[in-house]
Amino acid sequence: MAEVKDIYRFIDRIAPFDTQEGFDNAGFLVGRGSRKVDKILVALDITPEVADEASRQEIDLIVAHHPVIFQPVKSITDETATGRVVLALLEHGVAAICAHTNLDAAHGGVNGCLAQTLELSHIGQLCQAGVDAQGRPYGIGRVGTVHCAGLSAAEYAAYVKERLGSACVRYTDGGRTVSKVAVGGGACGSMLEDALAAGCDTFVTADLKYNQFLDARALGLNLLDAGHFPTENVVCAPLAGRLAKAFPEVKVVLSEVHREVYKSV
C-alpha cells in the first residue's frame, strides 16, 4: 500500500522540488508522510470547496499545483483563509503535496501540457534554468509551431479560448500572422523579450498588465492573456494519469468543484 511519502518521492522524480523558484513553497505541506493512501484528489488549488470535496469523498491526499501554504504563517486558526483550509484538511486527515514552479519547469509539466493542448509541434524550451540531478534540462515556458499557420491574432485568440475553455482571451495584435508560438502557463508577462529572442510571433500567457500589451504591440509580438486557471489547469488530468499509472492500487480522481474563479460578460 502506498504512503504519502511514496507519492512525494514519485513527484520529486518527475518534477524535482529542488528546482522550484526561490520564492516558492512547493513540497509536502500538510499531513503525515506515513499515512496510507487509497485515494488521491488532483486539483490546481486547494480551495475551501476542494477541501470539502476531499472530505466528502474520503480522500487521503490532495496533489495540487498552487501551494496551500504560500506566505509564511505564524498560526493556523479559523481566523484566516489559509488557516481555515489547513484546519479542514487536518481535521479530516487529508494530506497535501503541492508541486508549483517545479512542475511549471519540468518536462511534461504545466508548460509542456499547455503547448500540447494548443496542438503545437516541434516543442522546445523557451528558457532553460538549469539541469536537474538526473541530467534533464528544465525551465519555464515552451515554444512550438502551430498546426495551421497564417491565422491572425484575433483568429488565434478565438482558437486558444476554445481549446482552453477560457472565460475570455485578452489580446493585442502585433501585426504578424501566427506561426511560432511561445507559451507560459500562469503569470509570465515578464518573458516578452524571451519569446522574441526565440523567434516567436505570438506569446500565450496570463495575468498581463496594460503596459505589457503596449510593449508587445510596439515590439511586433501578438500577446494573448488566456487566464491563469485555463493555462495551468491543463496539467491536472495528465498528472492524475501519471499518478494512476505509477500507483495502480490507488484511486486517482480530478476535482469536480474547482473551476475558474471569475466570470466574464
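Above this text is the structure in question.
Predicted model, so just to flag it, every value in this text is computed and none were measured.

K.L.:
Before we move on, could you go through the environment of Glu-249 and cite the residues and values that matter?
P.N.:
For Glu-249, the position within the fold is in the loop between α10 (236-246) and β13 (251-254). By relative accessible area, Glu-249 is classed as partly exposed at 43%. Separated by 248 residues in sequence, Glu-249 and Met-1 place their C-alpha atoms 7.4 Å apart. When sequence neighbours within four positions are dropped, the list of residues in contact with Glu-249 reads Met-1 and Ala-2.

K.L.:
Tell me what's going on with the sheet that holds strand β11 (residues 202-206), and back it up with residues and numbers.
P.N.:
Overall, mixed pairing links the 6 strands, which are arranged β5-β8-β10-β11-β12-β9 in an open sheet. Each having just a single partner strand, β5 (121-125) and β9 (170-172) make up the two edges of the open sheet. Neighbour to neighbour, the strand axes of the sheet diverge by 20 degrees on average, direction disregarded. Packing against the sheet, helix α5 (residues 110-117) makes contact with β5, β8 (142-145) and β10 (180-187), and its axis sits at approximately 130 degrees to β10.

K.L.:
Explain the layout of surface pockets to me, using residue names and the numbers behind them.
P.N.:
Left-over empty space is what a probe sized like a water molecule reveals as it rolls over the atoms. Space inside the largest pocket adds up to approximately 530 Å³. At 4 residues, helix α3 (residues 81-91) tops the list of elements feeding residues into the lining of the largest pocket. Taken together, the residues that form the lining of the largest pocket break down as 11 nonpolar, 9 polar and 5 charged. Of the voids in this model, the second largest pocket is the one considered here, and its volume is about 170 Å³. Counting only elements with at least two residues in the lining of the second largest pocket, the list comes to α5 and α10. Among the elements that line the lining of the second largest pocket, the one with the most residues is α5, at 3 residues. Of the residues belonging to the lining of the second largest pocket, the class tally is 3 nonpolar, 4 polar and 2 charged.

K.L.:
Can you tell me about the packing of aromatic side chains, naming the residues and giving the values?
P.N.:
Within the structure shown, the criterion is met by 4 aromatic pairs. On the numbers, 4.7 Å between centres and 5 degrees between planes, the contact of Tyr-8 with Phe-17 is stacked. Using a relative accessible area of 5% as the deciding quantity, one classes Phe-17 as buried. Where Phe-10 meets Phe-247, the ring centres are 5.7 Å apart and the plane angle is 85 degrees; that geometry is what we call edge-to-face. Of this pair, Phe-10 sits in helix α1 (residues 4-14) while Phe-247 sits in the loop between α10 and β13, and the two are 237 residues apart along the sequence. Taking the relative accessible area as the measure of exposure, Phe-10 reaches 10% and is therefore buried.

K.L.:
Describe the packing of α1 against α10, with residues and values.
P.N.:
It is at 11 Å that the axes of α1 and α10 come closest, and there the two elements cross at 120 degrees. When the axes of α1 and α10 are compared, the pair comes out oblique. Seen along the crossing, α1 lies across α10 with a hand that is right-handed. On α10, the residues touching Ile-7, Phe-10, Ile-11 and Ile-14 of α1 are Leu-239, Arg-242, Leu-243 and Ala-246. The class makeup of the residues in the contact of α1 with α10 is 7 nonpolar, no polar and 1 charged.

K.L.:
Residues and numbers for the side chain of Asn-222, please.
P.N.:
For Asn-222, the location among the structural elements is in strand β12 (residues 222-225). Non-local contacts of Asn-222, meaning those with residues more than four positions away in its chain, are made with Ala-153, Thr-172, Asp-173, Gly-174, Gly-175, Arg-176, Thr-177, Val-178, Asp-201, Thr-202 and Phe-203.

K.L.:
Got a sec to walk through α3? Specific residues and values, please.
P.N.:
Side chains of residues three or four places apart in an α-helix project in the same direction, reflecting 3.6 residues per turn. Of the positions making up α3, those classed as buried are Gly-83, Val-85, Val-86 and Leu-89. Along the axis of α3, the buried residues cluster in a sector spanning 165 degrees; they form a single face. More than 90 degrees from the buried face of α3, the exposed residues found are Ala-81 and Glu-91. Along its buried surface, α3 packs onto β1 (27-30), α2 (48-56), β3 (61-64) and β4 (95-98). Where α3 terminates, the next one or two residues include Gly-93, which has phi positive at roughly 65 degrees.

How each quantity is defined
- Residues numbered from 1 in each chain as written.
- Predicted model: local features only at pLDDT ≥ 70, side-chain atom pairs only at ≥ 80, totals over all residues.
- Heavy atoms only, no water.
- Helix = DSSP H or I, 4+ residues; strand = E, 2+ residues; numbered from the N terminus.
- Buried < 20%, exposed > 50% of the residue type's maximum accessible area, 1.4 Å probe, protein only.
- Contact = heavy atoms within 4.5 Å.
- Pairing = 2+ DSSP bridges.
- Axes fitted to C-alpha atoms, helices over the stretch in contact; angles between N-to-C directions.
- 1 Å grid on protein atoms, 1.4 Å probe; cavity = no way out; pocket = protein on both sides within 12 Å on 5 of 7 lines; lining within 4 Å.
- Points joined across faces, edges and corners; volume = space filled by probe spheres on them.
- Nonpolar A, V, L, I, M, F, W, Y, C, P; charged D, E, K, R; others polar.
- Phe/Tyr/Trp six-rings, centres within 6.5 Å; stacked < 30°, edge-to-face > 60°.
- Parallel < 35°, antiparallel > 145°, perpendicular 65-115°, else oblique.
- Left-handed = near helix turned anticlockwise from the far one by under 90°.
- Arc of directions from axis to C-beta.

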